[in-house]
Amino acid sequence: MSTSEAGELGRFLSVADAAQILEVDSTTIIGLISTGELPAIRVGDAGPWRIERTQLEFWIDFRLEETRRSALWHQGEFADVTDFSNVTSLGPRRLLP
């Protein structure tokens, strides 16, 4: 988001503004708010949701870092090792004598 866009939008974004920035639909933003993943406030008791611009930027940065770390893990030397223990989803593995 450019500095001029940030100034035009102000401190708080509507659900539609956040959806436009992330290029998703408003339902996706409402879902993120409902699960608590994206912090937001309500204006009034049943008014519209507002997302603080800095919180949206923080959420974007967090998700980018999470994706970067996941990609690094999957590229790592032991990425194909699925289990370091003697337990599987079906229970303990039998050790051969």
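Analysis parameters
- Residues numbered from 1 in each chain as written.
- Predicted model: local features only at pLDDT ≥ 70, side-chain atom pairs only at ≥ 80, totals over all residues.
- Heavy atoms only, no water.
- Buried < 20%, exposed > 50% of the residue type's maximum accessible area, 1.4 Å probe, protein only.
- Salt bridge = Lys/Arg side-chain N within 4 Å of Asp/Glu carboxyl O.
- Helix = DSSP H or I, 4+ residues; strand = E, 2+ residues; numbered from the N terminus.
- pLDDT = per-residue confidence, 0-100.
- Core = buried A, V, L, I, M, F, W, Y, C linked by side-chain atoms within 4.5 Å.
- Contact = heavy atoms within 4.5 Å.
- Pairing = 2+ DSSP bridges.
- Axes fitted to C-alpha atoms, helices over the stretch in contact; angles between N-to-C directions.

1. A look at unusual backbone geometry
Although it is not a glycine, Glu23 adopts a positive phi angle of roughly 55°. With a relative accessible area of 73%, Glu23 lands in the exposed category.

2. Some details on the pattern of salt bridges
Applying the stated criterion across every chain yields a total of six salt bridges. For Glu66, the salt bridge is made with Arg63, and the minimal N-O distance between the two is 3.1 Å. Remark: Arg63 and Glu66 occur in helix H4 (residues 53-75); sequence separation between them is three residues, near one turn of the helix. For Glu66, a relative accessible area of 38% translates into the label partly exposed. Residue Glu65 is joined to Arg69 by a salt bridge in which the shortest nitrogen-to-oxygen separation is 2.8 Å. One end of the pair, Glu65, and the other, Arg69, are both in helix H4, four residues apart, so they sit about a helical turn from each other. Looking at Glu65, the relative accessible area reads 28%, which means it is partly exposed. Linked through salt bridges whose partners overlap, the residues forming this network are Glu37, Arg63 and Glu66.

3. Some words on the confidence of the model for the chain
For the chain, per-residue confidence averages 80 on the pLDDT scale, and 67% of positions sit at 70 or higher. Model confidence for the chain, summarised as mean pLDDT per element, is weakest for strand E5 (residues 91-92) at 52 and strongest for helix H2 (residues 15-22) at 97.

4. Quick word on the nonpolar core
If you look at the biggest cluster of nonpolar residues, it comprises 11 residues: Leu13, Val15, Ala18, Ala19, Ile29, Leu32, Ile33, Leu38, Ile51, Leu56 and Trp59. If you list the elements that add at least two residues to this core, you get H2, helix H3 (26-35) and H4. Not counting the four nearest positions on each side in its chain, Val15 is found in contact with Ser26, Ile29, Ile30, Ile33, Trp49 and Ile51.

5. A look at the sheet that holds strand E1 (residues 12-14)
Here we have three strands laid out as an open sheet, ordered E1-E3-E2, and antiparallel in their pairing. At either margin of the open sheet sits one strand with a lone partner, and together these are E1 and strand E2 (41-42). As judged from the three bridges shared by E1 and strand E3 (residues 49-52), these two strands associate in the antiparallel manner. Across the sheet, the residue bridging to Ser14 is Arg50, located in E3. Its contacts with the sheet put H2 on E1 and E3, and the angle it makes with E1 is roughly 85°.

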